[in-house]
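# What the coordinates show
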Amino acid sequence: MDPALNPFAPGSGVRPPELVGRQSEIDAFDLLVVRAKSNTMGDRGMVLSGLRGVGKTVLLNVFAEQARRNHWMVIQLEAQPGVEGMTKTRAKLARELEMGARRLRGTPVWSYLKDALGSISNISGSLGVAGFSASVATKHGRADSGKLDIDVEELVEDVSVAMRKARAGFGLFIDEMQDLDEELLTVLLSVQHLAGQRGWPFYIIGAGLPNLPGKIAEARTYGERLFLYRTIGQLDKKSSADALTVPIGRLGASITERALSTLLTGADGYPFFLQTYGRAAWDITSGKVINEDDAKLAIEYGTIDLDHGFFQARWQRATPAERKYLRAMAQDGEDSSQTGEVAARLGKSTNKLAVIRSRLISKGVVYAPEYGLIQFTVPGMARFIDRQIED
Ligand SMILES: Nc1ncnc2c1ncn2[C@@H]1O[C@H](COP(=O)(O)OP(=O)(O)OP(=O)(O)O)[C@@H](O)[C@H]1O
Ligand SMILES: [Mg+2]
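In this text the structure is predicted, and so the values were computed from the model without any measurement.

## A few points about the overall build of the chain
- Along the backbone of the chain there are 17 helices and ten strands.
- Relative to a compact globule of 391 residues, whose C-alpha radius of gyration would be 21 Å, the chain shows 23 Å and is just as compact.
- Its C-alpha atoms give the chain principal-axis dimensions of roughly 65 × 60 × 35 Å.
- Buried residues in the chain amount to 53% of all 391 residues.
- Of all intrachain contacts in the chain linking residues separated by at least 6 positions in sequence, the fraction that spans at least 24 positions is 72%.
- Of the roughly 17,800 Å² of accessible surface on the chain, a fraction of 50% belongs to carbon and sulfur atoms.

Structure below.
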């Protein structure tokens, strides 16, 4: 069928043609927005965690959009690992604070937010952004101590109080939150905790890899109680089928039962794979009906696409030594591997491999589900590695 009309959207954070299977998360966030509107207190932020390509970013964007529609102060950022990442993330936070405020100009919220503008421009220093912001009047004495914890707290207080008066909320949406530097993470968790106690409508909405809830709990003992935690995972069969049939049907085409079943088996409930195979099936099919042969070919072509994009992107970033490590892990398939066992396979000590392991973690290819265990963050990575010729 005409590729120009292809509805499927494989891509990082790209909104799918039909967002399926996430209604309970969307409802939970809607409830938060409604409760903020009525100044109801005692709500928690949300944390979405899951493997690569399951739809965390898409969901986070849906939430942020919903918050914006309700005139929330919305800050969106993606944390990045390492020292350089830390600087970038903080600079982005400073910039986003200013942008978030600007976006509210001309809305009913603006008159309340004006009081907090001084703090917004003052905080830049603590976030390491020198000489930032000439566009808003500086209010002395708030969020300008140069101490991150004090300044973030004052800033969140000022903005939250304004948003409460405006019957809206202050949402900090952080993608790849497992990469947030420890200092900023701890400060943010403390402020989220305080917000709960003081009734400030400040909510951190985070998304990240499966190790994110553990990181939060490690940073702050009360971290477990701060958020509504949701695991974002594979879609069930009905939702997976809808993800394919609804966009196809909407454009006046259809798919046979057997073809659908072939695509569903190939995608195994993973949103990124559904989009990839759906797109291939659409492009391959000549008539208006996707049949089994089309579907089989779509799996073949789609898998080549995945190999060159989704998987290859991660594989290429790995050094030869890191690839050896990943290969040793791949012997356990999609399951987690024991770090001791992987080391034994490579004939090295676990300690010697610690650097390689932590580099792979910071590259986001693997994560530690528990102490002494290591697992791929990318579904299907083990099978991909098996397909690669040893170098
Ligand atoms: N609920 C859904 N229904 C159908 N397709 C979806 C759904 N959620 C996400 N997708 C599709 O899956 C792909 C991956 O989505 P997204 O980038 O949000 O995943 P992610 O979990 O953030 O991945 P990563 O960990 O790599 O950042 C996109 O192509 C998106 O269109
Ligand atoms: Mg993402």
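The rest of the description comes next.
## Quick word on the nonpolar core
- If you look at the biggest cluster of nonpolar residues, it comprises 126 residues, and the most contacted ones within it are Phe29, Trp72, Met73, Leu97, Leu113 and Leu326.
- Residues contacting Leu326, with those up to four places away along its chain left out, are Trp315, Ala318, Leu360, Val365, Val366, Phe376 and Ile385.

## Re the site of ligand 1
- What surrounds ligand 1 is a group of 25 residues, the closest being Ala9, Gly13, Val14, Lys56 and Thr57.
- In this structure, an oxygen atom belonging to ligand 1 sits 2.6 Å away from a main-chain N or O atom of Ala9.
- Within the contact set of ligand 1, an oxygen atom lies 3.0 Å away from a backbone nitrogen or oxygen of Gly55.
- In isolation ligand 1 offers 640 Å² of accessible surface; the protein chains occlude 97% of this area.

## Here we look at the pairing of strand 1 (residues 45–49)
- Counted residue by residue, strand 1 has five buried out of five residues, so it is predominantly covered.
- Here strand 1 shows a buried face lined by Gly45, Val47 and Ser49 and a second buried face lined by Met46 and Leu48.
- Sheet topology places strand 1 next to strand 4 (residues 202–208); four bridges connect them, and they run parallel. Paired with Ser49 across the bridge in strand 4 is Gly208.

## Looking at the pairing of strand 2 (residues 73–78)
- The buried fraction of strand 2 is high, at five of six residues.
- The sheet contact formed by strand 2 and strand 3 (residues 170–175) spans six bridges and is parallel. By the bridge assignment, Val74 is partnered in strand 3 with Gly171.

## Some thoughts on the domain arrangement of the chain
- Domain annotation of the chain identifies domain 1 (23–231), domain 2 (236–314) and domain 3 (319–387).
- Each of domain 1 and domain 3 has a C-alpha centre, and these two points are 33 Å apart.
- Together, the buried faces of domain 1 and domain 3 total about 610 Å²; carbon and sulfur atoms form 68% of this surface.
- In this structure, the connection of domain 1 to domain 3 is made through two residue pairs in polar contact (both at pLDDT 80 or more).
- Looking at the side of domain 1 that touches domain 3 residue by residue, the class counts come to four nonpolar, one polar and one charged.

## Regarding the sheet that holds strand 2
- With parallel pairing, the five strands of this open sheet are ordered in space as 2-3-4-1-5. Because the sheet does not close on itself, it has two edges, and the strands there are strand 2 and strand 5 (227–231). Shown here is a sheet whose adjacent strand axes are inclined to one another by a mean of 10 degrees, direction ignored.
- Taken together, the five bridges between strand 1 and strand 5 define a ladder with parallel strand orientation. When the sheet's bridge partners are listed, Ser49 is paired in strand 5 with Thr231.
- Strands in contact with helix 6 (residues 148–165) are strand 2, strand 3 and strand 4; relative to strand 3, the strand with the most contacts, it is inclined by about 125 degrees.

## Quick word on the side chain of Asp175
- Along the polypeptide, Asp175 turns up in strand 3.
- At a separation of 2.7 Å, a polar atom in the side chain of Asp175 contacts the side chain of Thr57.

## Digging into a nonpolar patch on the surface
- A cluster of nonpolar side chains, namely Leu297, Tyr301 and Ile304, defines an oily patch on the protein surface of about 260 Å² accessible area.
- Position of Tyr301 among the secondary structure elements: in helix 13 (residues 292–317).
- Looking at Tyr301, the relative accessible area reads 44%, which means it is partly exposed.

## Quick look at the layout of surface pockets
- Put simply, the largest pocket is a space of about 670 Å³.
- Residue lining of the largest pocket: 36 residues in total, with Gly11, Ser12, Gly13, Gly53 and Thr57 positioned closest to the centre.
- Of all the secondary structure elements, the ones that give two or more residues to the lining of the largest pocket are helix 2 (56–69), helix 12 (271–284) and helix 13.
- Per element, the largest residue contribution to the lining of the largest pocket is four residues, and it comes from helix 2.
- The class makeup of the residues in the lining of the largest pocket is 15 nonpolar, ten polar and eleven charged.
- For the lining of the second largest pocket, the elements supplying multiple residues, two or more each, are helix 7 (182–198), helix 8 (212–219), helix 16 (354–362) and strand 10 (373–376).
- Each of domain 1 (23–231) and domain 3 (319–387) accounts for three or more of the residues forming the lining of the second largest pocket.

## A short note on the pattern of salt bridges
- All chains considered together, the criterion is met by 21 salt bridges.
- One salt bridge in this structure joins Arg230 and Glu25, with 3.5 Å as the shortest N-O distance. Pair noted here: Arg230 is in strand 5 and Glu25 is in helix 1 (residues 23–37), with a separation of 205 residues, a long-range link.
- Accessibility expressed as a relative area gives 23% for Arg230, which makes it partly exposed.
- A network of salt bridges, in which partner residues are shared, links Arg142, Glu154, Glu157 and Asp158.

The rules behind the values
Residues numbered from 1 in each chain as written. Chains lettered and ligands numbered in written order. Predicted model: local features only at pLDDT ≥ 70, side-chain atom pairs only at ≥ 80, totals over all residues. Heavy atoms only, no water. Helix = DSSP H or I, 4+ residues; strand = E, 2+ residues; numbered from the N terminus. Rg over C-alpha atoms; globule rule 2.2 N^0.38 Å. Buried < 20%, exposed > 50% of the residue type's maximum accessible area, 1.4 Å probe, protein only. Contact = heavy atoms within 4.5 Å. Areas by Shrake-Rupley, 256 points an atom, 1.4 Å probe, with all protein chains shown as cover. Core = buried A, V, L, I, M, F, W, Y, C linked by side-chain atoms within 4.5 Å. Near = heavy atom within 4 Å. Polar contact = N/O pair within 3.5 Å; in protein donor to acceptor, adjacent residues only side chain to side chain. Pairing = 2+ DSSP bridges. Domains from an automatic or database assignment. Buried area = accessible area lost by both parts, 1.4 Å probe. Nonpolar A, V, L, I, M, F, W, Y, C, P; charged D, E, K, R; others polar. Axes fitted to C-alpha atoms, helices over the stretch in contact; angles between N-to-C directions. Patch = residues over 30% accessible without salt bridge, like charges linked within 9 Å, V, L, I, M, F, W, Y side chains within 5 Å. Salt bridge = Lys/Arg side-chain N within 4 Å of Asp/Glu carboxyl O. 1 Å grid on protein atoms, 1.4 Å probe; cavity = no way out; pocket = protein on both sides within 12 Å on 5 of 7 lines; lining within 4 Å. Points joined across faces, edges and corners; volume = space filled by probe spheres on them.

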